[in-house]
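One-letter residues, chain by chain:
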Amino acid sequence: MTTAILLGATGEVGGAILQELLASPAYSTVYVLGRSSINRLPHHPKMITIVTNLEDPQVDPAILKQADVFFAIGTGVRADFERVDYGYAVAFARLCQGKIKSFNLVSANGANPNTSYTYLRVKGQLEEELRKMDLGQVRFYRPSMLIAPKRANLQLGEAIWIKIFQIISPFLLGPLSSWKGIRPQAVASAMVSNAICANPKTIYRYKDMVK
């Protein structure tokens, strides 16, 4: 059995990943890293929480050995976006180099280091940086709009966009299909199942996550 390490367990996708990991017999131990808020997660005999500074994370290197890492941290605060989405991921990935089996990242559809759109540019730069590291098999999951209408602290604008994507997604076909809205549970299920079967593919879009 394998060890899993999860960062972002209190978010929508991260919470769904956690449930997948805890339910899977493939993982004997699930380490959940993050701020003190992770201590409010329901107890599970397979789960071990480790509170750490995400800007300068510190963990016992032994837990990294041949682990599958799942990174699902993100922020909706524009001023903190690059520091959190890019900085936290790179900081933890540096600890993992040469030790882990895989690094599985929630990225974004359209991620491109050369675009002028900040969100997608930073996501693309993050993918580019992780590719340079020795992280075993890297996998980038690129969802479009996450269909999570019951998410806590959902902003009005986000709620409107979710409604829009629920309506238009069936009509996004062919090259546009990767922009369909997707539920967090579908992303999480794909991430965990591909890690378990050691899928060698690097980039996963909508059609890859809903098979």
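This section reports on the structure supplied with the text. These numbers come from a predicted model, not from an experiment.

### Let's talk about the overall build of the protein
- When you go through the protein residue by residue, the secondary structure sums to 6 helices and 7 strands.
- When the helices and strands of the protein are read in sequence order from the N terminus, they spell out β-α-β-β-β-α-β-α-β-α-α-β-α.
- Viewed in the frame of its principal axes, the protein has a C-alpha envelope of about 45 × 35 × 35 Å.
- Looking at the protein residue by residue over its 211 residues, the buried ones come to 47%.
- Contacts in the protein between residues far apart in sequence, at least 24 positions, make up 67% of those at least 6 positions apart.
- Accessible surface for the protein amounts to roughly 10,800 Å². Of this, 53% is attributable to carbon and sulfur atoms.

### Re the packing of helix α2 (residues 81–96) against helix α3 (residues 118–131)
- Across the interface, α2 lies against α3 with an axial gap of 10 Å and an inter-helix angle of 5 degrees. What the angle tells us is that α2 and α3 run roughly parallel. The segment α2 lies against α3, with Phe-81, Glu-82, Asp-85, Tyr-86, Ala-89, Val-90 and Ala-93 engaging Thr-118, Tyr-119, Val-122, Lys-123, Gln-125, Leu-126, Glu-129 and Leu-130.
- Within the contact of α2 with α3, the residues separate by chemical class into 9 nonpolar, 2 polar and 4 charged.

### Notes on the side chain of Ser-144
- Along the chain, Ser-144 falls in the loop between β6 (137–141) and α4 (156–168).
- In this structure the side chain of Ser-144 is engaged in a polar contact, spanning 3.1 Å, whose partner is the backbone oxygen of Trp-179.

### Remarks on the side chain of Arg-139
- As for its placement among the helices and strands, Arg-139 is situated in strand β6.
- Of the buried charged residues, Arg-139 lacks a salt bridge, with Asp-68 as the closest side chain of opposite charge at 5.0 Å.
- Leaving out residues up to four positions away in the same chain, Arg-139 has contacts with Ser-102, Phe-103, Asn-104, Leu-105, Asn-194, Ala-195, Ala-198, Asn-199, Lys-201, Thr-202 and Tyr-204.

### Comments concerning the pairing of strand β5 (residues 102–106)
- Burial of β5 is extensive: 5 of the 5 residues sit out of reach of the surface.
- Residue alternation in β5 divides its side chains into two sets, Ser-102, Asn-104 and Val-106 and Phe-103 and Leu-105, and both sets are buried.
- Bridge count for strand β4 (residues 68–71) against β5 is 4 bridges, and the pairing is parallel. Counterpart to Asp-68 in the pairing with β5 is Ser-102.
- In this region the chain leaves β4, passes through α2 and returns to the parallel neighbour β5; the handedness of that crossover is right-handed.

### Here we look at the pattern of salt bridges
- Scanning the entire structure with this criterion turns up 7 salt bridges.
- Here Lys-123 makes a salt bridge to Asp-85, at a shortest N to O gap of 2.9 Å. Of this pair, Lys-123 sits in helix α3 while Asp-85 sits in helix α2; the two residues are 38 residues apart in sequence, bridging distant segments of the chain. Residues Lys-123 and Asp-85 agree in their burial class; the two are buried.
- One connected set of salt bridges, linked through shared partners, spans Glu-55, Asp-80 and Arg-83.

### Brief notes about a nonpolar patch on the surface
- Taken together, Ile-160, Ile-164, Ile-167 and Ile-168 make up a surface patch of nonpolar side chains, about 330 Å² in accessible area.
- Residue placement: Ile-164 occurs in helix α4.

### Some remarks on the environment of Asn-112
- Tracing the sequence through the fold places Asn-112 in the loop between β5 and α3.
- Asn-112 has contacts with Leu-120, Arg-121 and Gly-124, leaving out every residue within four places of it along the chain.

Reading guide: rules and limits
Residues numbered from 1 in each chain as written. Predicted model: local features only at pLDDT ≥ 70, side-chain atom pairs only at ≥ 80, totals over all residues. Heavy atoms only, no water. Helix = DSSP H or I, 4+ residues; strand = E, 2+ residues; numbered from the N terminus. Buried < 20%, exposed > 50% of the residue type's maximum accessible area, 1.4 Å probe, protein only. Contact = heavy atoms within 4.5 Å. Areas by Shrake-Rupley, 256 points an atom, 1.4 Å probe, with all protein chains shown as cover. Axes fitted to C-alpha atoms, helices over the stretch in contact; angles between N-to-C directions. Parallel < 35°, antiparallel > 145°, perpendicular 65-115°, else oblique. Nonpolar A, V, L, I, M, F, W, Y, C, P; charged D, E, K, R; others polar. Polar contact = N/O pair within 3.5 Å; in protein donor to acceptor, adjacent residues only side chain to side chain. Lys, Arg positive; Asp, Glu negative; His and termini not counted. Salt bridge = Lys/Arg side-chain N within 4 Å of Asp/Glu carboxyl O. Pairing = 2+ DSSP bridges. Right-handed = clockwise from strand over helix to strand, strands pointing away. Patch = residues over 30% accessible without salt bridge, like charges linked within 9 Å, V, L, I, M, F, W, Y side chains within 5 Å.

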